[in-house]
Amino acid sequence: MPARKAEVSHARRADTSRPMWQPGGVVQTDEGHEDVALARRGVATFGDSREPGGAMASLREFVRRYGWRAYALPVLVIITVVALLSASTQPAAPSRSGAGSGNNQGQPAPPVASGNTSLKADQPGSGALDTALKSAALPAGGPFTNAGAGTFRILPGASKPIGKGQLFRYSIEVENGITGIDLTQYASLVQSTLSDTRSWAGHGDVQLERVDSGAIDFHVTLTSVMTVRKICGYTIAVETSCYQAAGDTTPVNRVVFDDARWARGSAAYLGDLNAYRIYMINHEDGHAIGHEHAHACLPGGSAPVMMQQTIGLKSASTGKMCMANPWPYPSGVKGAPGIEAADTPQNSEFGLTGD
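Residues numbered from 1 in each chain as written. Predicted model: local features only at pLDDT ≥ 70, side-chain atom pairs only at ≥ 80, totals over all residues. Heavy atoms only, no water.

Caption draft 1: Up close: the packing of aromatic side chains. Throughout the structure, instances matching the rule amount to seven aromatic pairs. Relative to F218, the ring of Y170 has its centre 6.0 Å away and its plane inclined at 20°; by these criteria the two rings are stacked. In this pair, Y170 sits in strand β5 (residues 166-175) while F218 sits in strand β7 (residues 218-223), placing the two residues 48 residues apart along the sequence. Pair check on accessibility: Y170 and F218 agree, each one buried. Where Y276 meets Y279, the ring centres are 5.8 Å apart and the plane angle is 45°; that geometry is what we call tilted. Taken as a pair, Y276 and Y279 lie in helix α8 (residues 273-288) at a separation of three residues, close to a single helical turn. Residue classification places Y276 among the buried residues on the basis of a relative accessible area of 1%. Site record: aromatic cluster; members linked through ring pairs are Y186, F257 and W262. Taking the ring centre of Y234 as reference, the NZ or CZ of R229 above it sits at 3.9 Å. (Phe/Tyr/Trp six-rings, centres within 6.5 Å; stacked < 30°, edge-to-face > 60°. Helix = DSSP H or I, 4+ residues; strand = E, 2+ residues; numbered from the N terminus. Buried < 20%, exposed > 50% of the residue type's maximum accessible area, 1.4 Å probe, protein only. Lys NZ or Arg CZ within 6 Å of the ring centre and 35° of its normal.)

Caption draft 2: A look at the confidence of the model for the protein chain. Counting all residues, the mean pLDDT for the protein chain is 73, and 60% of those residues have values of 70 or more. Considering only residues more than four positions removed or in separate chains, one finds that residues 1-55, a stretch of pLDDT under 50, has 26 contacts. This stretch, residues 86-132, has a pLDDT under 50; its non-local contacts, to residues over four places away or in other chains, come to 48 contacts. (pLDDT = per-residue confidence, 0-100. Contact = heavy atoms within 4.5 Å.)

Caption draft 3: View of the packing of helix α5 (residues 183-194) against α8. Between α5 and α8, whose axes approach to 10 Å, the crossing angle comes to 60°. The angle between the axes of α5 and α8 places the two elements in the oblique class. Seen from above, α5 lies across α8 with right-handed handedness. Residue-level contacts link Q185, L189, V190, T193 and L194 of α5 to N274, R277, I278, I281, N282 and D285 of α8. (Axes fitted to C-alpha atoms, helices over the stretch in contact; angles between N-to-C directions. Parallel < 35°, antiparallel > 145°, perpendicular 65-115°, else oblique. Left-handed = near helix turned anticlockwise from the far one by under 90°.)

Caption draft 4: Highlighting the state of the cysteines. Summed over all chains, the structure comprises two disulfides. A sulfur-sulfur distance of 1.8 Å marks the disulfide that ties C232 to C242. Residues C232 and C242 are joined through a disulfide that is left-handed, its torsion about the S-S bond being -70°. Here C232, found in helix α6 (residues 225-232), pairs with C242, found in strand β8 (residues 242-244); they are 10 residues apart in sequence, far enough to count as distant. Classification of C232 by relative accessible area gives partly exposed; the value is 28%. Take the cysteines of the protein chain that form disulfides and number them in order along the sequence; they join up as 1-2, 3-4. (Disulfide = S-S within 2.5 Å.)

Caption draft 5: Representation of the pattern of salt bridges within the structure. Per the stated rule, a full pass over the model turns up four salt bridges. For E209, the salt bridge is made with R169, and the minimal N-O distance between the two is 3.7 Å. A residue pair is termed long-range when its members are at least 10 positions apart, and E209 in strand β6 (residues 206-210) and R169 in strand β5 qualify at 40 residues. D196 is the salt-bridge partner of R198, the closest N and O atoms lying 3.0 Å from each other. (Salt bridge = Lys/Arg side-chain N within 4 Å of Asp/Glu carboxyl O.)

Caption draft 6: Broad picture of α6. Restricting attention to buried positions, one finds in α6 the residues V225, T227, V228 and R229. Check the buried side of α6 and you find it contacts β3 (152-154), β5, β7, β9 (253-258) and α7 (259-264). Directly beyond the C-terminal end of α6, a positive phi value near 90° is found at G233.

Caption draft 7: Structural view of the side chain of R277. Looking at the element boundaries, R277 is found in helix α8. Nearest to the buried, unbridged R277 among oppositely charged side chains is D259, at 7.8 Å. Setting aside residues up to four positions removed in sequence, R277 forms contacts with Q185, L189, W262 and A263. (Lys, Arg positive; Asp, Glu negative; His and termini not counted.)

Caption draft 8: Quick look at unusual backbone geometry. Residues A336 and P337 are joined by a peptide bond in cis, for which omega reads 10°. Relative to the helices and strands, P337 is located in the segment after α8.

Caption draft 9: Spatial organisation of the side chain of D285. Within the secondary structure, D285 sits in helix α8. Here D285 sits buried without a salt bridge, and the closest side chain of opposite charge, R254, lies 11 Å off (N-O distance). Non-local contacts of D285, meaning those with residues more than four positions away in its chain, are made with L194, W200, F218, V220, V255, F257 and M280.

Written out as structure tokens, the structure is:
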């Protein structure tokens, strides 16, 4: 408070030293300060507009002095006030920080697992078990091709051999009649996955080479739902992929990808369809180069890629829940690719009905 009093006292002293307007309209200052004098005169008379020559006189003097500018000033003030009021009442722009932002912006929403779908045979008496596998239910999502032509075509493309060891030459195929799938993206993901150092060719045991002609060790085939069931069987009513060894029905080994799973994924990878597709590629191609199923979590809790993760992430042999993992050799994980063994009724994830 003492400082404030000092400021006020100083202001009063400064005011008394200024030249003031004197009766008769004479300014006690140099010529050229008439604007200042006029302003002071106006201030002196605003206190009581009833005095002769008061506010109205000052206003007339102001208008006479400044002409059109005297009218423009209040108009500008009014326009400014109206603009400010309009801006304050405009609706706020919609936020971009909601569900459509971040890494998912502009992308379709991830599939949503129903989690409780009873999976049954399409037709009574078909031999499929009346089994509910909640974790294996096909998630809701985009359309897929239910029935294709049953014939296949190789997509053009080739790569250099990747890795070291036994060479496997593979082609990338699609069943004729499949629609709604970006085949360029499909082929690119298969090739880039099998060329990744975390995949089978990255650890000195095998080489993988994509070809579209000549000698082929196995086809990697995107296949419609009903053709998958014909090739892989449908004893347990689950949409899944498989590996078909060469024999009476096919002259060349074939990895069979279920189009429904490619389009929708699985509950184990809910929200990351691309990662599930990588799992499909590594798991089924693992069979093509000689790997069996694995049934126990890796050290640290990740699922081995040869576990039947489409069916679920619960180990049938240990009862433990594993973490989804799409790679044979995930970075920083010990014990990969895991201990493999032939399927038995005791260790098969198909036996975990209703989980």
